[in-house]
Amino acid sequence: MPFWPSSNRGAGVQLGRVEAPVTVRGYLMCVFAAFGGILFGYDSGYINGVIGMSYFKHEFGHSGWVNNDDASDGYFYETWQKSLIVSILSAGTFFGALAAGPIADWIGRRTTIIAGCIVFSLGVALQFASTTVALLVPGRLIAGIGVGFVSAIIILYMSEIAPKAVRGAIVSGYQFFITIGLLLAAVVDNATQNQFDKGAYRIPIAIQWVWAVVLGGGLLLLPESPRYWVKKGQLAKATKALATLRGHPVDSSYVREELAELVGNYRYELKHTQSSWLDCFRGGWTPSGNLRRVVLGMALQMMQQWTGVNFIFYYGTTFFKTVGIQNAFLISMITTAVNVCSTPISFWAIEKAGRRALLIYGAVGMAICEFLIAIIGTAAPDSRAASLCMIVFTCIYIFFFASTWGPAAWVVIGEIFPLPIRAKGVALSTASNWFWNFIIGFITPYLLDEKYGNLKAKVFWIWGCTCTCCVLFAYFLVPETRGLSLEQIDKMLEESSPRNSTKWMPTATFADSSILERDSALKDSPAKTVGVRDDEGSEQKEKV
Ligand code: BGC
């Protein structure tokens, strides 16, 4: 029984059969992986509250004469310490995401995520045990490497196991869990902030183990990505994984046809590309060239950061105070809640309106809000009515981000790479997200600080302009990938440009093009079938 209506894109009789109908069980298995978003959201969110706690300042800072609002009973951290504690996570995630790509091609997607959970737990142990910055910082670096593994490879894993009709919605679920992670971090920090013992920071830190255990433990029960097994030439395992995911027997025609499509596509791709790091940058600026896809993925994640969203999540409290809004903490809680509540809209919209439309209209909505905040804040800096308007437009802005760019940027990077370089492409794109996350986090205090930029609400002129770049970027460069299998997306990129990609329809399957080969292959046991290149793409391997 289909659980979700299939997209009618490419609904030719044969083409519609490329995948089995989605069952509830299959759907829930894919959704479980989205839980990894909690690690991402909670880990990046909890430090903001902890660093402001009095006990934490006593424990990790030092006393002395200081003339700033940041000190608690004279205890404070040096600026470099504060910056290091916060930003070291992004350094870890950046390198973790980059390393995770080749590791996922080597030991598998699922195993890499589980390894990420173990590395993350080690980092959490160091943070938990720490009473000085000297131990806290390596702890955050190691936890960051684990989050880097998880954040890059979850997207890859989910995109590869999800049925095409719900792939966008399922990957959006990952963003939903990021927002829940951010919210939980704010709630836990708020609950322990007034405690004056080690529990104040150790409770928020220790809770991270729960996410790692649930994710790592749960993944042990899920199958490896069938596309990974195809890449390794292990077709018996690919068949079994696909059958488990789709809820059909291994010899059902659905499983056989989908497998034939994966194998057909992989063999086709291997004629055009290999899977080394260098291959990620080959192919020039043609729409289907690897270089263009990698630039698209990295730029998309850069643009997601350029929307300015983390200005609100990392520095919202500071910003609202500088523009004279009293209960800035409450406002931050509200924006975090709007973020959580608006994300589910994307589950429906991403399949209905498509990725491209969401990115274009989402950026238009955000840019308008940002320019309005800049205009109001610049024209009436001390007015109460103006403050209220700024809060309202900030919430509308978050609504647009959460329902469009938040999820869609992750969905698209999971879809645009051909299998030989997919793991590395997703890893590079995710590393770009963390890199720009770090850069924006680092420069923002300078934009706001009285001693430097002192921009106040004028900072939104900058975010309005960068968001306008997001509109142009989405319009000219992002193709529509909705309703196509990952293999059909490859063909679509070859045969259309981003602006007419929405109208593109598949006319043949990869399996069709080698149908005779496939039929004879599938008559035998799957392990006997097709010779495909090994991980390094260097040799042909026949399974006997
Ligand atoms: C972004 C994060 C951001 C979060 C907010 C994610 O998609 O990559 O940088 O903090 O959304 O919900």
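Quick look at the structure, then. Every chain begins its residue count from 1, and numbering advances along the sequence as written. Only residues with pLDDT of at least 70 get local features here, since the model is predicted, and only at 80 or more are side-chain atom pairs given and counted; chain-wide, interface and lining totals rely on the full set of residues. Note: side-chain values were computed over all heavy atoms of the structure, leaving out hydrogens and water.

1. Describing the overall build of the protein
Note the following rule: Secondary structure elements are defined from DSSP: runs of H or I of at least 4 residues count as helices, runs of E of at least 2 residues count as strands, and each element is numbered from the N terminus. Partly exposed describes any residue whose relative accessible area lies between the buried limit of under 20% and the exposed limit of over 50%, with all areas from a 1.4 Å probe on protein chains only and scaled to the type maximum. Whether two residues are in contact is decided by their heavy atoms, any of which lying within 4.5 Å being enough. Method for areas: the Shrake-Rupley scheme with a 1.4 Å probe, in which residue coverage is limited to the protein chains shown.
Within the protein one finds 24 helices and four strands. Burial statistics for the protein: of 544 residues in total, 58% are counted as buried. Long-range contacts, defined here as pairs at least 24 residues apart, represent 76% of the contacts in the protein between residues at least 6 apart. Surface exposure of the protein reaches about 20900 Å², of which carbon and sulfur atoms provide 66%.

2. Remarks on the packing of helix H14 (residues 309-322) against helix H20 (residues 419-448)
Geometrically, a packed helix pair is captured by the angle between its two axes and the distance between the axes. So the rule is basically this: In this analysis, axes come from line fits to C-alpha atoms, helices being fitted only over the stretch in contact, and the angle between any two N-to-C directions falls in the range 0 to 180 degrees. By definition in this entry, angles of less than 35 degrees are roughly parallel, angles greater than 145 are roughly antiparallel, angles of 65 to 115 are roughly perpendicular, and the rest are oblique. Handedness of a crossing follows from how the near helix is turned relative to the far one, being left-handed for an anticlockwise turn of less than a right angle and right-handed for a clockwise one. Residue polarity is assigned by list, with Asp, Glu, Lys and Arg as charged and Ala, Val, Leu, Ile, Met, Phe, Trp, Tyr, Cys and Pro as nonpolar; anything else, Gly included, falls into the polar class.
Their axes nearest at 10 Å, the elements H14 and H20 cross at an angle of 25 degrees. Our classification of the angle between H14 and H20 gives roughly parallel. The two elements H14 and H20 cross, and the hand of that crossing is right-handed. Contacts from Asn310, Phe311, Tyr314, Tyr315 and Phe319 of H14 reach H20 at Asn437, Gly441, Thr444, Pro445 and Leu448. Tallied by class, residues from the contact of H14 with H20 come to six nonpolar, four polar and no charged.

3. Description of the nonpolar core
Quick reminder of the rule: To define a nonpolar core, start from buried Ala, Val, Leu, Ile, Met, Phe, Trp, Tyr and Cys residues and group those joined through side-chain atoms within 4.5 Å.
Grouped together as the largest cluster of nonpolar side chains are 128 residues, with contacts concentrated most on Tyr174, Leu300, Phe319, Trp405 and Phe460. The leading source of residues in this core is helix H7 (residues 133-161), at 15 residues. In this view, leucine 300 contacts Leu359, Trp405, Ala409, Val412, Ile413, Phe473 and Val478; residues no more than four positions away in its chain are not counted. Within the second largest apolar cluster, 15 residues are counted, among which are Val230, Leu235, Ala243 and Leu259.

4. Points about empty space enclosed by the protein
Selection rule: Cavities and pockets were defined on a 1 Å grid built from protein atoms only: a cavity is a group of points that admits a 1.4 Å probe but offers it no way out, a pocket is an open group of points flanked by protein on both sides within 12 Å along at least five of seven lines, and a lining residue is one with an atom within 4 Å of any such point. Grid points are joined across faces, edges and corners, and a volume is the space filled by probe spheres set on the points.
Counted by the stated rule, this structure contains four cavities of 30 Å³ or more. The calculated volume of the largest cavity comes to roughly 180 Å³. Phe40, Gln175, Ile178, Leu182 and Asn310 are the residues nearest the centre of the largest cavity, which is lined by 16 residues in total. Take the lining of the largest cavity: its biggest share by element is four residues, from H14. Across the lining of the largest cavity, the residue classes break down as eight nonpolar, eight polar and no charged.

5. Digging into the environment of alanine 328
Considering the arrangement of structural elements, one finds alanine 328 in helix H15 (residues 328-342). When its relative accessible area of 1% is taken as the criterion, alanine 328 is described as buried. Taking the C-alpha atoms as reference, alanine 328 lies 7.5 Å from threonine 318; in sequence the two are ten residues apart. Sequence-distant contacts of alanine 328, that is, excluding residues within four places in its chain, are made with Thr317, Phe320 and Lys321.

6. A short note on the side chain of glutamate 224
Operational definition: Charge assignment: positive for Lys and Arg, negative for Asp and Glu; neither His nor the chain ends contribute. Think of a salt bridge as a Lys or Arg side-chain nitrogen and an Asp or Glu carboxyl oxygen that are within 4 Å of each other. Each polar contact in these results corresponds to two N or O atoms within 3.5 Å; when the atoms are within protein, one needs to be able to donate a hydrogen and the other to accept it, and residues that are neighboring in sequence are counted only if both atoms are side-chain atoms.
Its location among the elements puts glutamate 224 in the loop between helix H9 (199-221) and helix H10 (226-232). Buried charged residue glutamate 224 carries no salt bridge. Nearest counter-charge: arginine 110, at 4.7 Å. Within the structure, the side chain of glutamate 224 is placed 3.1 Å from the backbone nitrogen of arginine 109, a separation counted as a polar contact. Each residue touching glutamate 224, except ones within four places of it in the same chain, is listed here: Ile107, Gly108, Arg109, Arg110, Thr111, Tyr157, Trp229 and Ala241.

7. Re the environment of alanine 427
Within the secondary structure, alanine 427 is located in helix H20. We classify alanine 427 as buried; its relative accessible area is 0%. In this structure the C-alpha to C-alpha distance between alanine 427 and phenylalanine 94, which are 333 residues apart in sequence, comes to 9.1 Å. What alanine 427 contacts, discounting residues up to four positions off in sequence, is Ala97, Leu98, Gly101 and Ala152.

8. A short note on a nonpolar patch on the surface
The line we're drawing: Patch criteria: residues need more than 30% relative accessible area and no salt bridge. Like-charged residues are merged within 9 Å; nonpolar side chains of Val, Leu, Ile, Met, Phe, Trp and Tyr are merged within 5 Å.
A surface patch of nonpolar side chains, amounting to about 550 Å² of accessible area, comprises Tyr361, Val364, Ile368, Leu372, Ile375 and Trp461. Among the elements that line the nonpolar patch, the one with the most residues is helix H17 (residues 355-379), at five residues.

9. Brief notes about the site of the ligand
What counts, and what does not: Here a residue counts as near a molecule or strand whenever at least one of its heavy atoms sits within 4 Å of it. Criterion for pocket placement: a molecule counts as inside a cavity or pocket if more than half of its atoms are within 2 Å of its grid points.
Around the ligand, 14 residues are found, and the nearest of them are Gln175, Gln304, Asn310, Asn339 and Trp410. A distance of 2.8 Å separates an oxygen atom of the ligand from a polar atom in the side chain of glutamine 304. With respect to the ligand, the side chain of asparagine 310 contributes an N or O atom lying 2.6 Å from an oxygen atom. For the ligand, whose accessible area on its own is 310 Å², the fraction buried by protein is 99%. For the ligand, the cavity whose grid points lie within 2 Å of the majority of its atoms is the largest cavity. Sorting the residues of the shell around the ligand by element identifies helix H8 (167-192), helix H13 (290-306), H14, helix H19 (405-413) and H20 as the ones contributing at least two each. Sort the elements by how many residues they give to the shell around the ligand and H8 lands first, with three residues.

10. Focus: H13
Note the threshold: The span you would expect from a helix comes to 1.5 Å times its residue count less one.
Compared with an ideal rise of 1.5 Å per residue, which puts 17 residues at 24 Å, H13 spans 24 Å between its outermost C-alpha atoms and is within 8% of the ideal. Of the residues flanking the end of H13, it is glycine 308, one or two places downstream, whose phi is positive at about 90 degrees.

11. A few points about the packing of aromatic side chains
The condition is simple: Think of it this way: a Phe, Tyr or Trp ring, Trp meaning its six-membered ring, pairs with another when their centres are within 6.5 Å, and the plane angle makes it stacked under 30 degrees, edge-to-face over 60, tilted otherwise. Consider the ring centre and the ring normal. A charge sits over the ring if Lys NZ or Arg CZ is within 6 Å of that centre and within 35 degrees of that normal.
Applying the stated rule across the entire model yields 31 aromatic pairs. Ring centres of phenylalanine 60 and tyrosine 201 lie 5.2 Å apart, and the angle between their planes is 80 degrees; on these two criteria the pair is classed as edge-to-face. Of this pair, phenylalanine 60 sits in helix H4 (residues 54-60) while tyrosine 201 sits in helix H9, placing them 141 residues apart in sequence. Grouping residues by exposure puts phenylalanine 60 and tyrosine 201 together as buried. The interplanar angle of 90 degrees and the centroid separation of 5.5 Å between the aromatic rings of phenylalanine 311 and phenylalanine 460 together place this pair among those described as edge-to-face. You can see phenylalanine 311 sitting in helix H14 and its partner phenylalanine 460 sitting in helix H21 (residues 459-477), a full 149 residues away along the chain. With relative accessibility at 0%, the residue phenylalanine 311 sits in the buried group. By relative accessible area, phenylalanine 460 is classed as buried at 1%. Through a chain of ring-to-ring contacts, the aromatic side chains of Phe32, Phe35, Tyr42, Tyr46, Phe176, Phe177, Trp211 and Phe347 assemble into a single cluster. Stacked on the ring of tryptophan 285, the Lys or Arg arginine 292 has its end atom at 4.9 Å from the ring centre.

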